[in-house]
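Structural description and commentary
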Amino acid sequence: MSNNMTLLVLFPLLYSVSVLTITYNPISSFTSPTPSAAKVCTLQNSFQPAFVAKGDYVIGGIFPLHYNQEMPDLNCTYRPPPVKCNGFDPRAFRWVQTMRLAVEEINQSTELLPNYTLGYQIFDSCSYPLTGQRAALAVLNGLSEDNSPMCSGASPLLAVIGESGSTLSMVMSRILQPFRIPMISYFSSCACLSDRRRFPTFFRVIPSDEYQVKAIAQLLVRFNWTWVGLVRGDREYGRFAAEGLLRELQGTKVCIAYQEMIPLLYSHQRALEIMQVMQTSAAKVVVVFSSEGEMTPFLKDYMKQNITGIQWVASEAWVTASVFAGSEYYPYMGGTIGFGIRTGHISRLSDYLQTVNPQMYPNNLLVKELWQALYGCRPSVSSDSKLPPCTGQESLLKQHSAYMNTSSPRVAYNVYKAVHAIAHSLHNLFLCQPGSGPFQNNSCAQSNNIHPWQLQYYLQEVKFEIAGEEVNFDLKGDSIPYYDIINWQRGTGGNIEFVNVGLFDGTKPAGEELVIQEDRIIWAGHQSEVPVSVCSASCLPGSRKAVRHREPVCCFDCVPCDSGKISNQTNSIECTFCPEDFWSNKDRTACIPKEVEFLAYDSLGIVLTVISVVGACLTMAVFAVFFYHRNTAIVRVNNSELSFFILFALTLCFLCSLVFIGEPTPWSCMLRHTAFSITFSLCFSCILGKTLVVLAAFTATRPGNNIMKWLGPKQQRFIIFSCTLVQVAICAAWLIDAPPFPSRNTQYERSKIILECSVGSSFAFWCVLGYIGLQACLSFVLAFLARKLPSNFNEAKFITFSMLIFCAVWLAFIPAYISSPGNYADAVESFAILASSFGLLFCLFAPKCYIILLKPEQNTKQHLMGKK
């Protein structure tokens with residue numbers, strides 16, 4: 001067994017990674033060994049950086065220069081080869097050159113770090129967590145054993161710029177965290193990275209997805225897209241963004257129709273399943289949280305399926321990706337809208353990119369890959385590519401033409417800001433005055449031995465301006481939330497141009513963050529009208545939404561509002577009641593004044609008026625006939641004075657029905673019931689007196705009976721007066737205690753206001769009717785007793801028939817009155833008055849008028865007494 005033991009520093013990986021081992025001799029450790037004898041540093045594998053530059057202070061850079069990977073065979077019989085990176089990304093290469101340019105400008109500056117220089121080590125993460133770990137370990141270990149930070153004092157690596165993907169940033173931040181090395185991301189926007197307990201050394205110059213999901217939610221609400229699809233990548237960025245969007249949409253009218261995931265290791269079959277869901281769903285708007293690398297193969301399969309009509313809403317990770325700017329994408333992706341990070345201006349970037357060529361970097365494999373991607377040829381004969389050799393006359397391929405377009409850099413501008421943030425922080429560190437420093441005992445950092453955690457303190461406090469934009473970090477390490485709203489439109493050459501159509505400023509008050517120029521937007525299918533993406537069509541005014549059972553709230557049926565309710569807005573959740581004096585119109589969209597209904601002088605009122613006037617006229621005609629023939633036998637025998645009283649009362653009965661017609665007023669309400677009750681009471685008092693006289697007249701013929709002396713004219717008048725006075729007293733008590741009054745009945749028929757007279761006191765109302773009924777019944781009983789008295793003209797028979805008709809009418813009146821709605825109740829009461837009045841008139845006076853006018857020979861005392 002060997003006496004040496006090997007200690008692995010950092011983290012061993014599954015594949016070939018730059019792992020540093022330190023070998024100790026345990027025996028020599030007791031004999032004050034020299035540093036060289038005590039430990040031996042050995043790199044177990046070599047991972048060469050993309051670009052390296054020496055400087056007084058070194059910063060690392062990690063970029064996804066490739067977006068696809070080829071995994072090695074793992075059969076555990078031999079050491080597996082490294083992961084092979086495929087799919088060169090010129091866009092990420094431009095970010096690398098931006099970092100190099102920023103370092104060169106800072107080194108040349110006389111104002112920023114004038115006496116110091118920055119160096120860098122830039123590695124390729126291949127847009128994959130495993131290779132990202134390899135890059136992070138490589139940037140920590142250094143290029144060789146001689147300058148490895150594990151073997152020589154403090155680490156010259158002060159900070160790392162990277163990564164683009166949130167998952168990779170999480171992996172690398174955890175690796176750097178034990179060494180307290182700050183990391184600034186230029187494109188990782190996952191809200192999870194704002195957790196200072198998990199990622200205490202993480203900073204970023206791109207806004208957190210917390211603001212992006214808020215912006216996308218406001219966009220969906222703004223255009224009334226209530227039924228949308230959600231597609232995300234299989235990484236923390238997509239997962240956390242999707243969860244954040246779902247939280248942000250809670251309480252809004254937007255629902256997620258489906259949620260699909262693009263697998264981390266791309267699967268063609270899974271992609272086809274996602275596209276099938278997109279085609280069959282009613283959701284025509286699809287929100288995508290994914291990286292450029294994940295979307296590239298997906299969109300290629302999408303175009304092969306020839307799917308159109310989808311309105312894409314893109315996240316900042318791919319909304320400005322130049323790889324999608326080719327003309328072949330426009331028929332399928334044109335009209336895409338999304339939120340891009342803020343654009344900036346880097347004056348020397350275009351010239352600097354033109355200096356990067358195979359002649360300047362003959363041994364750099366990435367530059368050769370760039371040339372193959374940009375021009376479709378191999379720059380050297382030794383290249384393994386099957387492309388033709390470059391002649392120098394090739395033109396830039398269309399799909400990568402955006403590589404040289406530096407008019408409005410976005411991610412590259414973030415890289416530029418990240419480098420300047422480190423430089424300004426380092427510059428502020430050097431400005432520290434001994435005795436007033438932020439560290440222990442008010443000390444400052446030593447310029448020849450700066451620790452990364454000391455730089456992080458100044459990075460947290462840094463604040464500077466670049467190209468007119470203020471750059472700083474909040475306590476979570478996040479930057480100012482600001483987005484441009486990007487719309488994919490057709491350019492002059494048929495390619496896609498990323499047009500700025502608005503902005504989202506997270507520093508503004510709630511509701512004012514989103515500003516959109518809608519007239520400048522071109523939608524999917526090259527349309528100018530906003531596309532519709534709903535589960536159910538909008539409910540028009542006059543209806544409300546009724547959510548379907550076991551379906552999202554965005555799927556509903558439109559139910560018309562009930563009578564008396566309205567909705568004057570689209571997609572009303574519920575219908576509102578109209579005020580008490582209003583009712584809904586036919587369309588249920590507005591409240592209109594209720595129709596006021598009462599027994600007016602219309603068709604029914606006119607009929608009752610005519611009948612009333614005719615009845616009164618007939619009564620007065622009978623009165624005239626009786627008055628003209630007052631000295632004839634039939635008039636005298638039937639007590640002409642009582643007959644005239646009855647005719648007078650009947651005339652008032654006919655006329656009192658007119659009070660029931662017309663709009664009720666306080667006086668008409670009091671008059672109609674009192675007039676009706678008193679006139680009928682007067683009429684029946686006269687009939688009762690007449691019945692008593694008839695009965696007494698025939699009874700007085702018996703020997704010893706002198707009853708007629710008690711029923712003389714004075715006594716008859718007293719009977720009429722006293723019986724009527726009882727009704728007058730009841731009416732007076734009624735009017736004093738609870739008089740009838742006009743009322744607005746809205747309960748019987750809610751669509752109308754029925755003007756009617758409330759009786760005030762139901763007890764008093766039924767008392768007056770009961771008293772009239774009592775008089776009628778008493779008259780009926782007495783007349784019935786006298787029906788067989790001898791005479792050719794027996795008055796008692798006619799009184800009996802008249803009372804039968806009266807009782808029949810008013811017995812039928814009670815249920816009819818109670819069940820009659822509104823103005824029909826007044827009509828029923830008026831009709832009962834007229835019918836009973838006509839019954840009394842015809843039964844009592846028609847036979848007499850017949851004899852007087854048509855049979856005058858029978859108008860003699862002898863005939864009436866039954867004598868020949």
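Provided above is the structure to which this section pertains.
Scope of this entry: the structure provided in the associated data block.

1. Quick look at the environment of W488
- You can see W488 is positioned in strand 19 (residues 482–490).
- W488 gets classed as buried once you look at its relative accessible area, which sits at 0%.
- Apart from the residues within four sequence positions on either side, W488 is in contact with W318, V319, F324, Y330, M333, G334, G335, T336, I496, E497, F498 and I522.
- A polar contact is formed between the side chain of W488 and the backbone oxygen of V319, at a distance of 2.7 Å.

2. Focus on the side chain of S169
- Note that S169 resides in helix 4 (residues 166–176).
- Classification of S169 by relative accessible area gives buried; the value is 0%.
- Leave out the neighbours within four places in its chain, and S169 touches G162, E163, M183, S185, S188, L193 and F202.

3. Considering helix 19 (residues 762–785)
- In this model, helix 19 (24 residues) spans 34 Å end to end at C-alpha, consistent with the 34 Å of a helix rising 1.5 Å per residue.
- Inspection of helix 19 places A764, F765, V768, L769, Y771, I772, Q775, A776, S779, L782 and A783 among the buried residues, and these make up the whole buried set.

4. Structural notes on the packing of helix 18 (residues 713–737) against helix 19
- Closest axis-to-axis distance for the helix 18/helix 19 pair is 9 Å, and the angle between their directions is 170°. In terms of orientation, helix 18 lies roughly antiparallel with respect to helix 19. Residues C723, V726, Q727, I730, C731 and W734 of helix 18 form the contact with helix 19, whose participating residues are A764, F765, C767, V768, Y771, I772 and Q775.
- In terms of residue class, the contact of helix 18 with helix 19 is made up of eleven nonpolar, two polar and no charged.

5. So, the pattern of salt bridges
- Scanning the entire structure with this criterion turns up 17 salt bridges.
- Note that R91 and E292 form a salt bridge whose closest N and O atoms lie 2.7 Å from each other. Residue R91 is located in helix 2 (residues 90–108), and its partner E292 is located in helix 8 (residues 292–304); the two are separated by 201 residues in the primary sequence.
- According to the relative accessible area criterion, R91 is buried, its value standing at 4%.
- Of the residues examined, E292 reaches a relative accessible area of 8% and is grouped as buried.
- For E641, the salt bridge goes to R717, with nearest N and O atoms at 2.6 Å. With a gap of 76 residues between them, E641 in helix 16 (residues 640–656) and R717 in helix 18 connect regions that are remote in the sequence.
- For R717, a relative accessible area of 40% puts it in the partly exposed group.
- Among the charged side chains, a salt-bridge network with shared partners connects E260, R270 and E273.

6. What about the sheet that holds strand 8 (residues 118–124)?
- Pairing is mixed in the open sheet, where six strands are placed in the order 4-8-5-9-10-11. At either end of the open sheet lies a strand with only one pairing partner, and these are strand 4 (51–53) and strand 11 (202–204). Between one strand axis and the next, the sheet turns through 20° on average, direction left out of account.
- One ladder, built from two bridges, connects strand 9 (residues 157–161) with strand 10 (residues 183–185); its direction is parallel. Looking at strand 10, one finds that V160 is bridged to M183.

What counts and how
Residues numbered from 1 in each chain as written. Predicted model: local features only at pLDDT ≥ 70, side-chain atom pairs only at ≥ 80, totals over all residues. Heavy atoms only, no water. Helix = DSSP H or I, 4+ residues; strand = E, 2+ residues; numbered from the N terminus. Buried < 20%, exposed > 50% of the residue type's maximum accessible area, 1.4 Å probe, protein only. Contact = heavy atoms within 4.5 Å. Polar contact = N/O pair within 3.5 Å; in protein donor to acceptor, adjacent residues only side chain to side chain. Expected span 1.5 Å × (residues − 1). Axes fitted to C-alpha atoms, helices over the stretch in contact; angles between N-to-C directions. Parallel < 35°, antiparallel > 145°, perpendicular 65-115°, else oblique. Nonpolar A, V, L, I, M, F, W, Y, C, P; charged D, E, K, R; others polar. Salt bridge = Lys/Arg side-chain N within 4 Å of Asp/Glu carboxyl O. Pairing = 2+ DSSP bridges.

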